[in-house]
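Topology and contacts: notes
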Amino acid sequence: MRELGAALNAAAAEVPHDTDAEYLRTSAWPEVVTIAGRLAQVMVANDLWELAALLGDAAVPDPCQIVRGTTGSGPAETQAPRLHRHRSVRRFGDLA
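Thresholds, definitions, all that
Residues numbered from 1 in each chain as written. Predicted model: local features only at pLDDT ≥ 70, side-chain atom pairs only at ≥ 80, totals over all residues. Heavy atoms only, no water. Helix = DSSP H or I, 4+ residues; strand = E, 2+ residues; numbered from the N terminus. Buried < 20%, exposed > 50% of the residue type's maximum accessible area, 1.4 Å probe, protein only. Contact = heavy atoms within 4.5 Å. Areas by Shrake-Rupley, 256 points an atom, 1.4 Å probe, with all protein chains shown as cover. Salt bridge = Lys/Arg side-chain N within 4 Å of Asp/Glu carboxyl O. Expected span 1.5 Å × (residues − 1). Polar contact = N/O pair within 3.5 Å; in protein donor to acceptor, adjacent residues only side chain to side chain. pLDDT = per-residue confidence, 0-100.

A few words now on the overall build of the protein chain. Along the protein chain, the regular secondary structure elements total three helices and zero strands. Counting only residues that meet the buried cut, the protein chain has 21% of its 96 residues in that class. Look at the contacts in the protein chain between residues 6 or more apart in sequence, and 47% of them connect residues 24 or more apart. Accessible surface, the protein chain as shown: approximately 7000 Å² in total, 59% of it carbon and sulfur.

Here the focus is the pattern of salt bridges. Throughout the structure, instances matching the rule amount to one salt bridge. Taking the shortest distance from any N to any O, the salt bridge between Arg 38 and Glu 3 comes out at 3.2 Å. Here Arg 38, found in helix α3 (residues 29-55), pairs with Glu 3, found in helix α1 (residues 2-13); they are 35 residues apart in sequence, far enough to count as distant. What makes Glu 3 partly exposed here is its relative accessible area of 42%.

So, about α1. With twelve residues, α1 should reach 16 Å at 1.5 Å per residue; the first-to-last C-alpha distance of 16 Å fits that figure. Tucked into the core, α1 has its buried residues touching α2 (20-25) and α3.

Moving on: unusual backbone geometry. Most of the time, phi is negative for any residue but glycine, and the peptide bond is trans. One non-glycine residue, Asp 18, lies in the positive phi region at around 55°. The residue Asp 18 is located in the loop between α1 and α2 in this model.

The next subject is the side chain of Thr 26. Within the secondary structure layout, Thr 26 lies in the loop between α2 and α3. Separated by 2.9 Å, the side chain of Thr 26 and the backbone oxygen of Tyr 23 make a polar contact.

This brings us to the environment of Ser 27. Here Ser 27 shows up in the loop between α2 and α3. Distance in space between the C-alpha atoms of Ser 27 and Ala 11 is 7.3 Å, their sequence separation being 16 residues. Of the polar contacts made by the side chain of Ser 27, one reaches the side chain of Glu 14; its length is 2.8 Å.

Right, let's talk about the confidence of the model for the protein chain for a bit. Of all residues in the protein chain, 58% have pLDDT values of 70 or greater, and the mean over the chain is 75. Of the regions scoring below 50 in pLDDT, residues 76-81 engages in twelve contacts with residues more than four places distant in sequence or in other chains.

Turning to α3, a few remarks are in order. Taking 1.5 Å of rise per residue, the 27 residues of α3 would be expected to cover 39 Å, and the 38 Å separating its terminal C-alpha atoms lies within 8% of that figure. Every buried residue of α3 is accounted for by Val 32, Ile 35, Leu 39, Val 42, Ala 45, Asn 46 and Ala 52. Considering only its buried residues, α3 is in contact with α1. Phi for Gly 56, located one or two positions after α3, is positive at around 90°.

Encoded structure:
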C-alpha cells in the first residue's frame, strides 16, 4: 500500500490541474498500474483462500484435474479436488 501511495504521489506531482487525463499521461502512471495490479492479485488470492477455507478444499477443484468440457463435478473427475497455490501468488502481508 505504501508503494502504491508513493507511486500515486509521484504521478500527482506531474499533474498541474488534477484531471484524470493528466494522470494517465504522467511518466509515473505505468508504475502506478503495475503496483495496483500486484496489489489486486494479492487481494483476490487472499479472498479465494478465505473462500476455500470457508467452503472446504473439496469445493475448489484443482484446475489441472478438470477434463476439458466438464465442470469438474461430473464423473470425469475421479480424484478428490485439491486447492493449489501458485508460487507467484503472495499473501497480502508479503507486500509490507
